[in-house]
Amino acid sequence: MSHEWSDASRPKFFGRRRGRSLNPTQQRILDDKLPGLSVDPDALPADPSDLFDVEIRDLWLEVGFGSGEHLVGQAGNHADIGFLGCEPFINGVAKMVRDADAAGLRNVKILADDARLLLDALPDACLGRAYVLFPDPWPKKRHRPRRFVGPDNLPRLARLLRPGAELRCATDHPDYLDWMLYHVGRSTAFEWLAEGPKDWRDRWDDHIPTRYETKALAGRPSYLRFRRV
């Protein structure tokens, strides 16, 4: 499902794209290495596995990979899975590109832009898993519609995740936790895989912690697993 956004129809993005200025080393890494890792939503192959120059058995997506610790770690642990990552914050992208290059990863492609651009371009039922880890909580009431896990983007994820695939979400913000459970619970496309408190209080066995997450552990992060039905 290819979709080319015009300037007028491009979704409005509210997040941060830049922090402090990149140093010369970071800028050189982006200039030299980012083009080889980048994916163009307007020029996707019919089969997204063709994005990679290695054979893959499944395709997983991470929305908002931050500095890339989780994405790089998962890709290193699963060489036979293709990973797509989206992150508009260029400072985080620079760190992820550096680490992916140092690890010699060939099973990662990224979009350094709004994830919705890629989600609307990918074909139906192409994903075996999707991660949305510690997204911006947009805590002010008037900003809640900007939250990624909600009525605008859950249909996008439902379209892309094949039956039986997992959507994994994590947050350290209690109100966002309630918001996630409410909106995913209203969707007929997903079922929550929790049987008791341990299932959302403990990190997943194969989880890769991030620097932000380590700070969040001072509170009580929640880890949610949903299955596409």
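Scroll up to find the structure this text is about.
Residues numbered from 1 in each chain as written. Predicted model: local features only at pLDDT ≥ 70, side-chain atom pairs only at ≥ 80, totals over all residues. Heavy atoms only, no water.

## Focus on the pairing of strand E1 (residues 58-63)
Part 1: In terms of burial, E1 is largely enclosed, as six of its six residues are buried.
Part 2: Of the two faces of E1, the one lined by Asp-58, Trp-60 and Glu-62 and the one lined by Leu-59, Leu-61 and Val-63 are each fully buried.
Part 3: Inspection of the sheet shows E1 paired to strand E2 (residues 81-86) by six bridges, in the parallel sense. Each bridged residue has a counterpart across the sheet, and for Val-63 the counterpart in E2 is Cys-86.
Part 4: Since E1 and E2 lie parallel, the crossover through helix H2 (residues 69-77) that links them has a hand, and here it is right-handed. (Buried < 20%, exposed > 50% of the residue type's maximum accessible area, 1.4 Å probe, protein only. Helix = DSSP H or I, 4+ residues; strand = E, 2+ residues; numbered from the N terminus. Pairing = 2+ DSSP bridges. Right-handed = clockwise from strand over helix to strand, strands pointing away.)

## Quick word on helix H3 (residues 90-103)
Part 1: The terminal C-alpha atoms of H3, which comprises 14 residues, lie 20 Å apart, in line with the 20 Å expected from a rise of 1.5 Å per residue.
Part 2: Those residues of H3 that fall on the buried side of the exposure criterion are Ile-90, Asn-91, Gly-92, Val-93, Ala-94, Met-96, Val-97 and Ala-100.
Part 3: Those residues of H3 that are buried lie in contact with helix H1 (24-37), H2 and strand E3 (108-111).
Part 4: Following H3 by one or two positions, Gly-104 has its phi on the positive side, about 65°. (Expected span 1.5 Å × (residues − 1). Contact = heavy atoms within 4.5 Å.)

## Some words on the sheet that holds strand E6 (residues 190-192)
Part 1: Spatially, E3-E2-E1-E4-E5-E7-E6 is the arrangement adopted by the seven strands of the open sheet, whose pairing is mixed. Sheet topology places E3 and E6 at the edges, where each strand pairs with a single neighbour. Ignoring strand direction, the axes of neighbouring strands in this sheet form an average angle of 20°.
Part 2: Contacting strand E5 (161-171), E6 and strand E7 (222-228), helix H6 (residues 174-186) runs over the sheet at an angle of about 10° to E7. (Axes fitted to C-alpha atoms, helices over the stretch in contact; angles between N-to-C directions.)

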